[in-house]
Amino acid sequence: MEQISNGVYSVGVFDKNIDLFEGMYRVPEGISYNSYLVCDKKIAIMDSVDADFRDEWLENIHSVLGERKPDYLVILHMEPDHSANILSFIKAYPDAQIVGNAKTLVMIKEFFGEDFSFNFLEVEDGQSLDLGKRKLNFIFAPMVHWPEVMVAYDSFDKVLFSADAFGKFGARVCGKQWESEARRYYYGIVGKFGAQVQSLFKKLSCFEIEKIFPLHGPVLTENIDFYFDKYEKWSKYEPENNGVLIAYTSIYGHTASAAKKLALMLKGKNVCEAELCDLVRCDWAECVAQAFRFKNVVLATTTYNGDVFPAMREFIDRLKERNFQNRRIGLIENGSWAPVATRNMQKRLEGCKNLEYCENGVKIRSALNAESTAQLERLADELSK
């Protein structure tokens, strides 16, 4: 518990023992479940926390308020890591109202089997909640990243309570240290919904925002333009770096050798950055994030059962699921007989917008030889331009 702004307290928790967030994202540094207490003539709690941290959360609230009672529990997002303790809150503070939108109320009944309409304050898009000096202005943000999501703007402190937007995995660090895990978080959690993020930005353009209080990660109080610029680029699917990601699968090491040789060739041609991802061994969420970070993506894999190696199939599916677009693609296939990986990778990428394929492909027959090494060199030349 700490005061993070005049009259605003962080009463959330940090989960350092979790291994997989949402059942699939590795979080070796843990993750925070943020909740905020806004203290004015009336008191609002902004969101709950994960079910495992009920007692700690309620104690954090009590340590700030003492014998005072909160007036509202504002639910910006109904995902269970932020809403699991609604019932516990109502039991502790039965006179408080739950604040949300119509979709919030439906989800509360779905999750808890109880109808809270008797003490539910429904708000509309653009409506405000008067706390005294502060007014919470609610802006609906559907599909960033659930349909009921909304954010809240406090004009007194120029604070945006941003729900899951601007969150990150891991420690509560800001600036450049924020960037890597925030990118992995964005493309994992929000990445499919770039158009919806852009719609939210249009709504927010009339507000002067000096602080961002997200539901995961640190509060952002300095250099706010840096964070908005990142989200602007990510939500438009624009590359951040003109370098090359080489994502590969390899059975006996020959395709891996080709991928590593290509990386060395690119380094020799002064390509700003070339990064390798072994799709079987690397964290897939990081590989996806890197594919969106770079302008150029090389996919290198083997023909497998008349298709492509399973990890490459899954990787391409994850890219497509997140609206992969606006990239230049290089393809490397390996096959001891009947190589068809290039054709099948292209087929799997159909529907992705604005993909430019390199003219120079690479076909390896089992292991690199003089001919396929020359093809690699030509691909490196093309990627370096």
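This text goes with the structure placed above it.
Figured I'd write up the structure that's included with this text. (Residues numbered from 1 in each chain as written. Predicted model: local features only at pLDDT ≥ 70, side-chain atom pairs only at ≥ 80, totals over all residues. Heavy atoms only, no water.)

**Thoughts on the overall build of the chain**
Move 1: Scanning the chain for helices and strands turns up twelve helices and 23 strands.
Move 2: Once the C-alpha set of the chain is aligned to its principal axes, its extents read approximately 80 × 40 × 30 Å.
Move 3: Sorting the 385 residues of the chain into buried and exposed places 57% on the buried side.
Move 4: Within the chain, contacts between residues at least 6 apart in sequence are counted, and of these 71% link residues at least 24 apart.
Move 5: Accessible surface, the chain as shown: approximately 16,400 Å² in total, 47% of it carbon and sulfur.
Move 6: Mean positive and mean negative side-chain charge positions of the chain (47 and 55 charges, respectively) differ by 6 Å. (Helix = DSSP H or I, 4+ residues; strand = E, 2+ residues; numbered from the N terminus. Buried < 20%, exposed > 50% of the residue type's maximum accessible area, 1.4 Å probe, protein only. Contact = heavy atoms within 4.5 Å. Areas by Shrake-Rupley, 256 points an atom, 1.4 Å probe, with all protein chains shown as cover. Lys, Arg positive; Asp, Glu negative; His and termini not counted. Charge placed at Lys NZ, Arg CZ, Asp CG, Glu CD.)

**Quick word on the packing of aromatic side chains**
Move 1: Throughout the structure, instances matching the rule amount to 31 aromatic pairs.
Move 2: Judged by centre distance (4.3 Å) and plane angle (25 degrees), the ring pair of Phe166 and Tyr231 falls under stacked. Linking Phe166 in the loop between strand S15 (159-161) and helix H5 (176-190) with Tyr231 in helix H7 (residues 224-235), this pair joins segments that are 65 residues apart in sequence.
Move 3: A relative accessible area of 1% places Tyr231 in the buried class.
Move 4: Note on Tyr304 and Phe309: the rings are 5.2 Å apart at their centroids and 75 degrees apart in plane angle, and the pair reads as edge-to-face. (Phe/Tyr/Trp six-rings, centres within 6.5 Å; stacked < 30°, edge-to-face > 60°.)

**Remarks on the sheet that holds strand S1 (residues 2-5)**
Move 1: Ordered in space as S1-S2-S7-S8-S9-S10-S11, the seven strands form an open sheet in which the pairing is mixed. This sheet does not close on itself; its edge strands, each paired only once, are S1 and strand S11 (120-122). Ignoring which end each strand starts from, the neighbouring axes of this sheet average 30 degrees apart.
Move 2: Here S1 pairs with strand S2 (residues 8-10) via three bridges, running antiparallel. Bridge pairing in S2 links Glu2 to Ser10. (Pairing = 2+ DSSP bridges. Axes fitted to C-alpha atoms, helices over the stretch in contact; angles between N-to-C directions.)

**Details of the nonpolar core**
Move 1: One finds Phe161 and Leu299 to be the most contacted residues of the largest nonpolar core, which totals 114 residues.
Move 2: Each residue touching Phe161, except ones within four places of it in the same chain, is listed here: Val8, Tyr36, Val38, Met46, Leu76, Leu136, Val151, Ala152, Asp154 and Phe213.
Move 3: With 21 residues, the next largest nonpolar core counts Ala259, Leu262, Val271 and Leu383 among its residues. (Core = buried A, V, L, I, M, F, W, Y, C linked by side-chain atoms within 4.5 Å.)

**Some thoughts on unusual backbone geometry**
Move 1: A cis amide bond, omega 10 degrees, links Val144 with the succeeding residue His145.
Move 2: For His145, the position within the fold is in the loop between strand S13 (135-140) and strand S14 (150-154).
Move 3: Even without being glycine, Lys158 reaches a positive phi, approximately 55 degrees.
Move 4: Given a relative accessible area of 23%, Lys158 falls into the partly exposed group.
Move 5: Residue Phe166 is not a glycine yet carries a positive backbone phi of 65 degrees.

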